[in-house]
Structures are given as structure tokens and as C-alpha cells.
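Spelled out, the chains give:
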Amino acid sequence: MRFVRRKQEASVEPDGQVTRIAPAAAYDGDLYHLPEWARRRGEERALGRAHAEGGQIDTLTLQTGSVPRFHELEDERLEELARIDECTERETQRARAELEAQKIRLAESQRAFGEARKALDDSRQRVTELEQPSRRPGDGRPSSIALSGSHWPVVRRWLPAALLLLLLLVVEVPILYQVILSWGDSVAMTALLAAGAALIMLVAPHMYGRAFRSWQEHGSSAQGRWLLIGVALVWLGLIVAVAVLRRDALVKPLVVDGQEIGPTSEGVGQLPTMVLLLALLVATALIAADLGRRMHNPNDRRLRELRAKRDAEARAFAGAQAAYQHDAGYAESIAHYVEAVDRRRASRLRQLDSGFDSLATAYLGGVVEGLKDPEAASWAERIVLRRRTRS
């Protein structure tokens, strides 16, 4: 696997391709840490002052240029150098092992990212194909309500039918009221007539219209088509039965307070009354069925499900993308760490040399403070200059 240096920000193109990787977590496998130079310099200064005050070093020793403490510091520097080499080798081995393991994790997250992107692209394509308004029943398209969320275009389209249904109901209410008055001595019959009228005129036609639209969209077997025809015939029979009951109630004389008065349909024959009742019931039922057929497009539910599936897959895609970016950035960070082993060792050596040189200078400063001799300060300055020139 090849790793290249990329910019710090990550983005995804419209097609889902990751073009830049941001190392979310940089690999840190350092096993070696340099001494705390500030604390050590303070200790060396105090040690030099103590040696000078205790007589272990004097101005004559500084004149010879040989400072015993320098040999001890050199031995310590060589020990630190050996530790640097040992830790650098261990760091490199651990980083390479971690890189191989991270490559496996990266391959897995890349596979998951690819699958999530493929699933999301498929859902987006299916939603895009379905997001076309229906022109006719059976074209497999959802309604404009499901597409836009606005009911006004559909309301404007179906408003005439709804107003006509309302008008028929206004006409039906007085007739139904008269029928209930005629059967008022029987509570059970009154309830049966009211419930039957509601079912036959509105509820049942509405549900039949929904089933018919589902058949138009998805098709059905011969058995299903015969079932729809049978239900329509039973429905028509119930309408005729209700019409006969209403006709009998309307043509029968009414008795109010023990006094018989003429029938409601006085002056109109039974046949015209029957035709009128049948026309009202059939027209009301047909309009209710047609409204149910238009308002309940099964493709609307399919569109909602596909949109929900697309949104869920978009969230899964975002999670897979983040995991892939994290793993890719981490693997890139490990690769850079392995590649920088020589630079890291050279930097440590420079810091080590500079640090021990500062310790020697601090020690000489403490010696000068302890001796309180201007000549000692002069010789100490020469020693520092000679060490810097040699290094």
C-alpha cells in the first residue's frame, strides 16, 4: 500500500470519492525521551559550585583545560547515545508491526466504506427514478403530495369531486333522517340503518377505491380480480337493499302523536323514488371510491420507505467514511513515522550534544561562582569557546 502526503482537511466529492485524508490521530511510538535539560543544568551548576567551594577544582585546574567532570558527562552522553540507538530500533520494529496491522484494519474499513457508498448510490438512484409525479394510475409513480409535501395541487385537483360528494351528503341527510324517524320505534333498527348507510355510502367505497388503486399499481392474479368483482356485486346488492328500505320508509304514511299523516314521498311513485335513491347511493359510493383510489397511491408509501432507507444509508455512509478516513490517516501517520526514523535519530543526536554541552557550561558557571576569581572566569570562558569551536 502506498502512502502519500496529503492536505490536512478531508472532503468527499459528489460521487463519494475521498480525495483528501486528514490524520485524525497521529501515531506516537517514541520510547526514548531526552533528559530534562533545565533541571539538569540547575543540578550541574549547584554541583560545580559545591566542587569549587570544597576544593575539588580550582583556577589551576581550569588553566590546564582538563575538567574531571567533563569526562563523567561524556560517559553519560555515550550511555544516552546507546539508549537512543536501542530505542530507535525498537520504535522502528513496533511501528512497522503496527503499520501492517493498520493496513488490515484500513482494508476492512475501505471495504465497508465501498459497500456503504454502493448501497447509498443505489438508494439515491432508486429514489431519483421514483421522484416523478404520477400521470396515470398504474405508471408506478407516487403522487405530487408525496413528492413535494404540499397538498394544495392535489386539493385543487380533487376539490370538485369532494364538493360534489358533500352536496350528495347534504341531500342524503334529510332522507336518512326521515328513514330513522320511520323506524324510530326500534333502536336496533335505527342504529343498523345509520351504521349501514355510513358503511355502504362512505367507508366501504373508500376502502374499495384504495384496494382498486393497489390493483392498478401492482396488478393481481385472476383470483384477485374476481374477488374485486365479487365485492363490487355484493356492494351493489347492499345498496339496492338499503334503497328498498329507504323507499318503504319514505312511501309509508307517518304517524305523529297518534295521527296519521301522508307519506314523505307523497305525489311521487315508488319507481321514481327507487330510482332517485339508487342514483344517490350509487353516485355517493362511486365518488367516495374514486376519492379513495386517487388519494391512496401505494407508491407514496414506497417512496417514503425508500427515502427513509436512503437517509439511514446516508448516516451509515457518513460513519463508514469517517472510519475510513481515520484509519487511512492513522496508517499514513505510521508510514511517515517509519520513514522519518533517520531524521528523528539525527534530531535526537543534535539535541543530545547541545544538551550535554549546556550541562558542561552550567557546571563551569557554578565553578566560577564558587571560586569567585576573575581569572577563573576568564579560563572558563576559554574552555567554553574551545569546546564550541571543536564541536
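These lines cover the structure that appears in this document, whether it is placed above or below. Here the structure is a predicted model, which means the values were calculated and not measured. (Residues numbered from 1 in each chain as written. Predicted model: local features only at pLDDT ≥ 70, side-chain atom pairs only at ≥ 80, totals over all residues. Heavy atoms only, no water.)

### Quick look at the overall build of the chain
Applicable threshold: Think of it this way: any DSSP run of H or I at least four residues long counts as a helix, any run of E at least two long counts as a strand, and we number them from the N terminus. Contacts: residue pairs with any heavy atoms within 4.5 Å of one another.
When helices and strands are tallied, the chain shows 11 helices and four strands. Long-range contacts, defined as pairs at least 24 residues apart, comprise 80% of the intrachain contacts of the chain with a sequence gap of at least 6.

### Some details on the packing of aromatic side chains
Let me state the cut-off plainly: The criterion for an aromatic pair is that two Phe, Tyr or Trp rings (for Trp, the six-membered ring) have centres within 6.5 Å, with stacked assigned to planes under 30 degrees apart, edge-to-face to planes over 60 apart and tilted to the rest. Whether a residue is buried, partly exposed or exposed follows from its accessible area with a 1.4 Å probe, protein chains only, as a fraction of its type maximum: under 20%, in between, or over 50%, in that order. When the NZ atom of lysine or the CZ atom of arginine is within 6 Å of a ring's centre and also within 35 degrees of its normal, the charge is said to sit over that ring.
In this structure the tally under the stated criterion is five aromatic pairs. Each ring, one from F113 and one from Y324, has its centre 5.2 Å from the other, and the planes form 15°; the classification is stacked. Here Y324 lies in helix α9 (residues 298-339) and F113 lies in helix α3 (residues 68-130), a separation of 211 residues in the sequence. On the basis of relative accessible area, F113 is assigned to the buried category, the value being 4%. Every member of this aromatic cluster is reached through a ring pair, and the members are Y27, Y330 and Y337. A cation over a ring is seen here: R344 above Y337, with NZ or CZ 3.8 Å from the ring centre. Looking at R382, its charged tip hangs above the ring of W379, at a distance of 4.2 Å from the centre.

### Examining the side chain of R348
As a reminder, the rule being used: By the criterion applied in these results, polar contacts are pairs of N or O atoms within 3.5 Å in which, for protein atoms, one can donate a hydrogen and the other can accept it, and in which residues neighboring in sequence qualify only through two side-chain atoms.
For R348, the location among the structural elements is in helix α10 (residues 341-371). Polar side-chain contacts of R348 include one of 3.5 Å to the side chain of D30. Within the local environment of R348, its side chain forms a polar contact with the side chain of T88, the two groups lying 3.4 Å apart. Each residue touching R348, except ones within four places of it in the same chain, is listed here: D30, Y32, L34, I84, T88 and E91.

### Some remarks on the environment of Q325
Looking at where Q325 falls in the secondary structure, it is placed in helix α9. Between the alpha carbons of Q325 and L106 there is a distance of 9.0 Å; along the sequence they are 219 residues apart.

### A look at the nonpolar core
Convention followed: For the purposes of this section, nonpolar cores are sets of buried Ala, Val, Leu, Ile, Met, Phe, Trp, Tyr and Cys residues that join through side-chain atoms within 4.5 Å.
Core analysis: the largest hydrophobic core is formed by 21 residues, its most contacted members being I57, L62, V67, F70 and L364. Listing elements by their share of this core, those giving two or more residues are α1 (37-53), α3, α10 and α11 (374-390). Examining the composition of this core, we find that seven residues originate from one element, α10, more than from any other. Setting aside residues no more than four positions away along its own chain, L364 makes contact with L62, V67, F70, A380, I383 and V384. By size, the runner-up hydrophobic cluster in this structure holds 11 residues, among which are L228, M274, L277 and A289.

### Focus on unusual backbone geometry
One non-glycine residue, K372, adopts positive backbone phi at about 55°. With respect to the element layout, K372 can be found in the loop between α10 and α11.

### A short note on a nonpolar patch on the surface
Operational definition: Patch rule: a residue counts if its relative accessible area is over 30% and it has no salt bridge; like charges are joined within 9 Å, and nonpolar side chains (Val, Leu, Ile, Met, Phe, Trp, Tyr) within 5 Å. Every accessible area reported is derived by Shrake-Rupley at a probe size of 1.4 Å, with residue values counting cover from the shown protein chains alone. What counts as a salt bridge is simple: a side-chain nitrogen of Lys or Arg found within 4 Å of a carboxyl oxygen of Asp or Glu.
Together, W226, I229 and L233 make up an exposed nonpolar region whose accessible area comes to about 370 Å². Among the structural elements, I229 can be located in helix α7 (residues 222-251).

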